[in-house]
Amino acid sequence: MSESQVWDDVDDYFTAHLAQNDDALEAALRDSDAAELPPIAVTPLQGRFLQLLAQIQGARSILEIGTLGGYSTIWMARALPEDGRLISLEYSAKHAEVASRNIARAGLDRIVQVRVGPALESLPKLADENPPPFDLVFIDADKVNNPNYVEWALRLTSAGSLIVVDNVVRGGRVADADSKAPDVLGSRAAVELIGSHPRLSGTAIQTVGGKGHDGFALARVLA
Ligand code: SAH
Ligand code: DHB
Ligand code: MG
């Protein structure tokens, strides 16, 4: 058996016992697929992981950058109290539309707001609203802008907040110091920013399974 087959089998076993999609999550994936969105949502186990992080944070407010069909959004929003808030930023109007339907079907449309546009345009507008600090920021959009998104996350959080960056492994290419690929450069810059920033304490976790060799960077805001 190939190594990646073992990863998939283990992922399937863990998923069956720990993170099965319910009807709303299953429908979100089905409708995302039907609308031909790319199949790059977090896995069910990763969705549960994000949900647990939000719960451990005691999160009341979450910022997501990169909505796609709202699959990760639903997992995280379910960790919020009824008066909680999740703002998700999405470049594609089509993705945002699919996501909004998926989120409404999950009964989360009072908690979740999807804002359409390039995140680097939505973020300054959001900052102008002076929102209370976000307890959790999930960065999962165009990888080249990861360092910019970490900087924005720092402006929109406070001590104790958690910043999570998805897909920092890039199939292992993150370790290639000579890479000129924009996604690798963005992920490396984000990792190095987290490692060198006085307001952040962070780590990165490699994952295997449904999304191949991948991983998250996690950073706690210190001050
Ligand atoms: N968080 C989702 C997956 C997001 S995929 C999940 O796990 O379920 C990445 C998304 O980021 C795509 O929908 C893409 O359209 C969006 N995106 C790409 N560039 C962006 C930008 N500059 N601003 C906001 N969203 C962007
Ligand atoms: C890609 C983006 C993602 O957010 C992800 O989880 C996996 C892959 C991509 O752009 O290839
Ligand atoms: Mg991702």
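All of these numbers come straight from a predicted model, not from anything done at the bench. The numbering scheme is per chain: residues are counted from 1 as the chain's sequence reads. As they are written, the chains are lettered A onward and the ligands numbered 1 onward, keeping that order. Under the rules for a predicted model, residues below a pLDDT of 70 receive no local features and side-chain atom pairs below 80 are neither given nor counted, while totals for whole chains, interfaces and linings still include all residues. Side-chain figures throughout are based on the complete set of non-hydrogen atoms in the structure, without hydrogens or water.

Visitor: Just give me the short version of the pattern of salt bridges, but keep the residues and values in it.
Guide: By definition here, a salt bridge exists when the distance from a side-chain nitrogen of Lys or Arg to a carboxyl oxygen of Asp or Glu is within 4 Å. Under the counting rule described, the total for this entry stands at nine salt bridges. The closest approach of N and O atoms between Arg60 and Asp83, which form a salt bridge, is 2.8 Å. In this pair, Arg60 sits in the loop between helix H3 (44-57) and strand S1 (61-65) while Asp83 sits in the loop between helix H4 (71-77) and strand S2 (85-90), placing the two residues 23 residues apart along the sequence. A 1.4 Å probe rolled over the protein chains alone gives each residue an accessible area, and that area as a share of the maximum for its type sets the label: buried under 20%, exposed over 50%, partly exposed in between. Classification of Arg60 as partly exposed rests on a relative accessible area of 44%. Taking the relative accessible area as the measure of exposure, Asp83 reaches 58% and is therefore exposed. In this structure, Lys143 and Asp140 form a salt bridge, with 3.0 Å as the shortest nitrogen-oxygen distance. Looking at Lys143, the relative accessible area reads 12%, which means it is buried. Residues participating in the shared-partner salt-bridge network are Arg30, Asp31 and Arg105. Note on conventions: DSSP H or I runs of at least 4 residues are helices, E runs of at least 2 residues are strands, and numbering of each starts at the N terminus.

Visitor: Hey, could you go over the coordination of the magnesium ion (ligand 3) for me, with residue numbers and the actual values?
Guide: For a metal bound by four donors in tetrahedral geometry, the ideal donor-metal-donor angle is 109.5 degrees, whereas six donors in octahedral geometry ideally sit at 90 or 180 degrees. Only nitrogen, oxygen and sulfur atoms qualify as donors, provided they sit within 2.8 Å of the metal or within 3.2 Å for Na, K and Ca; with water excluded from the atoms, sites may seem incomplete. Within the first shell, the magnesium ion (ligand 3) binds the protein through Asp140 (OD), Asp166 (OD) and Asn167 (OD1), at distances of 2.0 to 2.1 Å. Residue classification places Asp166 among the buried positions, given a relative accessible area of 1%.

Visitor: Would you mind going over the site of ligand 2 in detail, with residue names and values included?
Guide: Being near a molecule or strand, for a residue, comes down to having at least one heavy atom within 4 Å of it. As a matter of local geometry, ligand 2 sits amid Ile40, Asp140, Lys143, Asp166, Asn167, Arg170 and Lys211. A distance of 3.1 Å separates an oxygen atom of ligand 2 from a polar atom in the backbone of Ile40. Here a polar contact is recorded for every N or O atom pair within 3.5 Å, except that within protein the pair must consist of a potential hydrogen donor and a potential acceptor, and residues adjacent in sequence are included only if both atoms are side-chain atoms. Within the side chain of Asp166, one N or O atom sits 3.3 Å away from an oxygen atom of ligand 2. Only protein atoms enter the 1 Å grid used here, on which a cavity is any set of points holding a 1.4 Å probe that cannot leave and a pocket is any open set flanked by protein within 12 Å on both sides along at least five of seven lines; residues with an atom within 4 Å of a point are listed as lining. The rule for placing a molecule in a cavity or pocket is simple: more than half of its atoms must lie within 2 Å of the grid points. For ligand 2, the cavity whose grid points lie within 2 Å of the majority of its atoms is the largest pocket.

Visitor: Mind laying out helix H7 (residues 146-155), listing which residues take part and the relevant values?
Guide: Taken across its ten residues, H7 has seven buried, putting it largely inside the fold. Three or more residues of H7 are buried, namely Asn146, Pro147, Tyr149, Val150, Trp152, Ala153 and Leu154.

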